[in-house]
Amino acid sequence: MVTDIAHLTHAVEASAVMKLLPARPHVLALGEPTHGEDTLLDVRNELFRQLVEQEGYRTIAVESDCLAGLLVDTYVTTGAGTLDEAMAHGFSHGFGASAANRELVRWAREYNTGRPAADQLRFAGFDAPLEMTGAASPRQALTALHTFLTSWPDADGLADGPTGSLLPCTAETLDELLGADDRWTGPAALMDPSRSCGRSPEAVQLALIAHDLVSLLDERAPRLIAAAGREDWDRARLHGRTATGLLSYHAWLADTTPARMTRLVSVRDRMMAENLLALAARGPVLAFAHNAHLQREKSSMRMGGERLEWWSAGSIVSAHLGPAYAFLPTALGTIRHQGVDTPPPETVEGLLYALPEDRFLIDARRLAATLGDPLPAPRVSPWFGYFGLDPAHLKEADGLVFVRDVRG
């Protein structure tokens, strides 16, 4: 079998990726099967560098807090602040501690130095402001959106029109309704709906206010874009998406029905998809996240004995963009420092591990056709932090990156 698939492999290079695709996709997504391993991020960095330099991609988006990512984008485009500050405050999930992420940001700043703004590389987080232990307060997003709208009082009577202000509330009322941030961020709410304030009278009113603010932002887009510029209006839209998404997420944290956990993971991926689509509206995007967030198929996981299924961000973006979305999952052989040893030879990972190269790109659809039906059984992961490749997904992937050994 090894000799049957060896001819399907290529070096992990931009030119090889493009040969697998009918045209340059508007969103090219690279997935990883586990987080926190710089070996995989080093592969990403080199491939993304080539795609930026050779194929004209100008946005790199990663699975990290979309609001925190604005700090990194400011650093790489203007040089404001320091690299240390960007890494300490511009990433969520602890990803700022990664040496490979640091190298990506350092290189992006270096790439932009001396380039005109229109040709600069942009950086974005496209995840919601969520951590494993809970969700952020909607304060930052809501107050930023409100502040933007009140900064342009002459924009079609936003502050003082013939019938009074069109804004649904004052900044003071907004602050009172939000209350203390620890009402929103307490980790106990993830497992205990009664500890969430997401369906309190204040939260319900905030959701209506957020909807009204986003409506005003869109209804007055011609005037606001002319007054503030497209860049600031786009940022306000990001704050609006994030505010409404977070309020929805908090509402589901307070839910007590069996749909609760499925809705929570679904809201997160919907927010990720909305951010990716918004980034794609301004130009081609390179996206990086867990395979489960970028695949075209439904995602699934077990949590607390319950199997959850939801449509991933990638599946949503693919539904909108069609062939303008491309996805390359990554599979791996070993993560020995996490107890993931040599893959069984009858699995897809085992067949790929038997090839001599340390890392390579392979035509996923041709691999599936060569393996035939039935496809090999999925590899059983011995560690909760690593998701083995589902062979059934090969037919919907545009390529597959394989890394033989991930070293700690």
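Residues numbered from 1 in each chain as written. Predicted model: local features only at pLDDT ≥ 70, side-chain atom pairs only at ≥ 80, totals over all residues. Heavy atoms only, no water.

Chemist: Explain the sheet that holds strand β1 (residues 9-10) here, please?
Modeler: Within a sheet, adjacent strands bond to each other through the backbone by hydrogen bonds, running parallel or antiparallel. Read across the open sheet, the 4 strands follow the order β1-β12-β13-β11; overall the sheet is mixed. Since the sheet does not close on itself, it has two edges, and those belong to β1 and β11 (330-334), each with one partner. Pairing analysis gives 2 bridges linking β1 to strand β12 (residues 359-362), with the strands arranged antiparallel. When the sheet's bridge partners are listed, threonine 9 is paired in β12 with isoleucine 362. (Pairing = 2+ DSSP bridges. Helix = DSSP H or I, 4+ residues; strand = E, 2+ residues; numbered from the N terminus.)

Chemist: Help me understand the sheet that holds strand β3 (residues 59-65), please; the structure alone is not making it clear to me.
Modeler: The strand order across the open sheet formed by 5 strands is β4-β3-β7-β2-β10, and the pairing between neighbours is parallel. A strand with exactly one partner marks an edge of an open sheet, and here the two such strands are β4 (122-127) and β10 (325-328). Averaged over all neighbouring strand pairs, the angle between strand axes comes to 25°, with direction disregarded. On the sheet, helix α3 (residues 38-55) packs against β2 (27-32), β3 and β7 (285-290) and is oriented at approximately 170° with respect to β7. The strands touched by helix α4 (residues 69-78) within the sheet are β3 and β4, with β4 carrying the most contacts at an inclination of about 170°. (Axes fitted to C-alpha atoms, helices over the stretch in contact; angles between N-to-C directions. Contact = heavy atoms within 4.5 Å.)

Chemist: What's the story with helix α15 (residues 313-321) in this structure? I'm lost.
Modeler: By the burial criterion, the buried members of α15 are Ala313, Gly314, Ser315, Val317 and Ser318. In this fold, the buried residues of α15 make contact with α13 (260-280), α14 (291-294), β9 (306-311) and β10. Note on α15: the residue one or two positions beyond its end, glycine 322, has a positive phi of about 60°. (Buried < 20%, exposed > 50% of the residue type's maximum accessible area, 1.4 Å probe, protein only.)

Chemist: Honestly, the pattern of salt bridges in this entry has me stumped. Any pointers?
Modeler: Side-chain pairs of opposite charge can arise whenever the charged atoms involved come near each other. Within the structure shown, the criterion is met by 25 salt bridges. For the salt bridge of glutamate 274 with arginine 270, the shortest nitrogen-to-oxygen distance reads 3.5 Å. On the criterion of helical spacing, the pair formed by glutamate 274 and arginine 270 is a turn pair, its members being 4 residues apart in helix α13. Under the relative-accessibility criterion, glutamate 274 is labelled partly exposed at 28%. (Salt bridge = Lys/Arg side-chain N within 4 Å of Asp/Glu carboxyl O.)

Chemist: Even after reading the chapter, I still don't get unusual backbone geometry, so can you show me in this structure?
Modeler: Note on backbone geometry: most residues besides glycine have negative phi, and most peptide bonds are trans. The omega torsion of the bond from aspartate 373 to proline 374 falls at -5°, within 30 degrees of zero and hence cis. Among the structural elements, proline 374 can be located in the loop between α17 (364-371) and β13 (400-405). Even without a glycine there, the phi angle at histidine 93 is positive, about 60°. As for its position among the elements, histidine 93 is in the loop between α5 (83-89) and α6 (99-112).

Chemist: Explain the nonpolar core to me, please; I cannot follow it from the model alone.
Modeler: Buried together is how nonpolar side chains tend to be arranged in soluble globular proteins. Residues Leu28, Leu51 and Ile60 are the most contacted members of the largest nonpolar core, which totals 48 residues. No other element matches the 7 residues that α3 contributes to this core. Setting aside residues no more than four positions away along its own chain, leucine 51 makes contact with Ala14, Met18, Leu28, Gly56, Tyr57 and Leu286. If you look at the next biggest cluster of nonpolar residues, it comprises 30 residues, including Leu145, Ala210, Ala221 and Ala243. (Core = buried A, V, L, I, M, F, W, Y, C linked by side-chain atoms within 4.5 Å.)

Chemist: Is there a simple way to explain helix α7 (residues 139-150) in this structure?
Modeler: Three- or four-residue spacings in an α-helix give side chains the same orientation, since the helix completes a turn every 3.6 residues. Given a rise of 1.5 Å per residue, 12 residues ought to cover 16 Å, and the 16 Å separating the end C-alpha atoms of α7 matches this to within 8%. Among all positions in α7, only Arg139, Ala141, Leu142, Leu145, His146, Phe148 and Leu149 are buried. (Expected span 1.5 Å × (residues − 1).)

Chemist: Which parts of the structure should I look at to understand the packing of aromatic side chains?
Modeler: How two aromatic rings sit relative to each other is given by the distance of their centres and the angle of their planes. Under the criterion given, the structure shown has 4 aromatic pairs. For the pair phenylalanine 91 and phenylalanine 123, a centre-to-centre distance of 5.6 Å together with 65° between the ring planes defines the contact as edge-to-face. In this pair, phenylalanine 91 sits in the loop between α5 and α6 while phenylalanine 123 sits in strand β4, placing the two residues 32 residues apart along the sequence. The residues phenylalanine 91 and phenylalanine 123 share a single accessibility class, namely buried. (Phe/Tyr/Trp six-rings, centres within 6.5 Å; stacked < 30°, edge-to-face > 60°.)

Chemist: Mind showing me how you'd approach the packing of helix α10 (residues 201-219) against helix α11 (residues 221-228) here?
Modeler: Helix packing for two helices is described by the angle between their axes and how far apart those axes are. The N-to-C vectors of α10 and α11 enclose an angle of 75°; their axes lie 5 Å apart at closest approach. If you check the angle between α10 and α11, you find them roughly perpendicular. Along its contact with α10, which presents Leu216, Leu217, Asp218 and Glu219, the element α11 presents Ala221, Pro222 and Leu224. Its residues assigned to classes, the contact of α10 with α11 comprises 5 nonpolar, no polar and 2 charged. (Parallel < 35°, antiparallel > 145°, perpendicular 65-115°, else oblique. Nonpolar A, V, L, I, M, F, W, Y, C, P; charged D, E, K, R; others polar.)

Chemist: Mind showing me how you'd approach the pairing of β12 here?
Modeler: Two faces, one strand: in a regular strand the side chains alternate between the faces of the sheet. Two strands pair when backbone bridges link them, and β12 and β13 are joined in this way by 4 bridges, in the antiparallel orientation. Its bridge partner being in β13, phenylalanine 360 is matched across the sheet by phenylalanine 402.

Chemist: Looking at this structure, I do not really get the environment of leucine 361. What am I missing?
Modeler: Structurally, leucine 361 can be placed in strand β12. Once the C-alpha coordinates of leucine 361 and alanine 377 are considered, the two residues, 16 residues apart in sequence, prove to be 21 Å apart. If we ignore the near neighbours within four places in the chain, the residues touching leucine 361 are Leu8, Thr9, His10, Ala11, Val12, Ala16, Val17, Leu20, Leu400 and Val401.

Chemist: Mind showing me how you'd approach the side chain of arginine 241 here?
Modeler: Considering the arrangement of structural elements, one finds arginine 241 in helix α12 (residues 230-253). If near-sequence neighbours (up to four positions away) are discounted, arginine 241 is found in contact with Met271, Glu274, Asn275 and Ala278.

Chemist: Honestly, the environment of glutamate 357 in this entry has me stumped. Any pointers?
Modeler: Here glutamate 357 lies in the loop between α16 (348-353) and β12. A relative accessible area of 33% means that glutamate 357 is categorised as partly exposed. It is 53 Å that separates the C-alpha atoms of glutamate 357 and alanine 207, two residues lying 150 residues apart in sequence. Dropping the residues within four chain positions of it, glutamate 357 is found in contact with Thr9 and Arg404.

Chemist: For this particular structure, what's the right way to read the packing of α3 against α6?
Modeler: Packing of α3 against α6 brings their axes to within 8 Å, and their N-to-C directions diverge by 20°. Taken together, the axis directions place α3 and α6 in an arrangement best described as roughly parallel. Crossing hand, α3 versus α6: right-handed. In this structure, α3 contributes Asp38, Leu41, Asp42, Arg44, Asn45, Arg49, Val52 and Glu53 to the contact, and α6 contributes Ala99, Ala100, Asn101, Glu103, Leu104, Trp107 and Tyr111. Within the contact of α3 with α6, the residues separate by chemical class into 7 nonpolar, 2 polar and 6 charged. (Left-handed = near helix turned anticlockwise from the far one by under 90°.)

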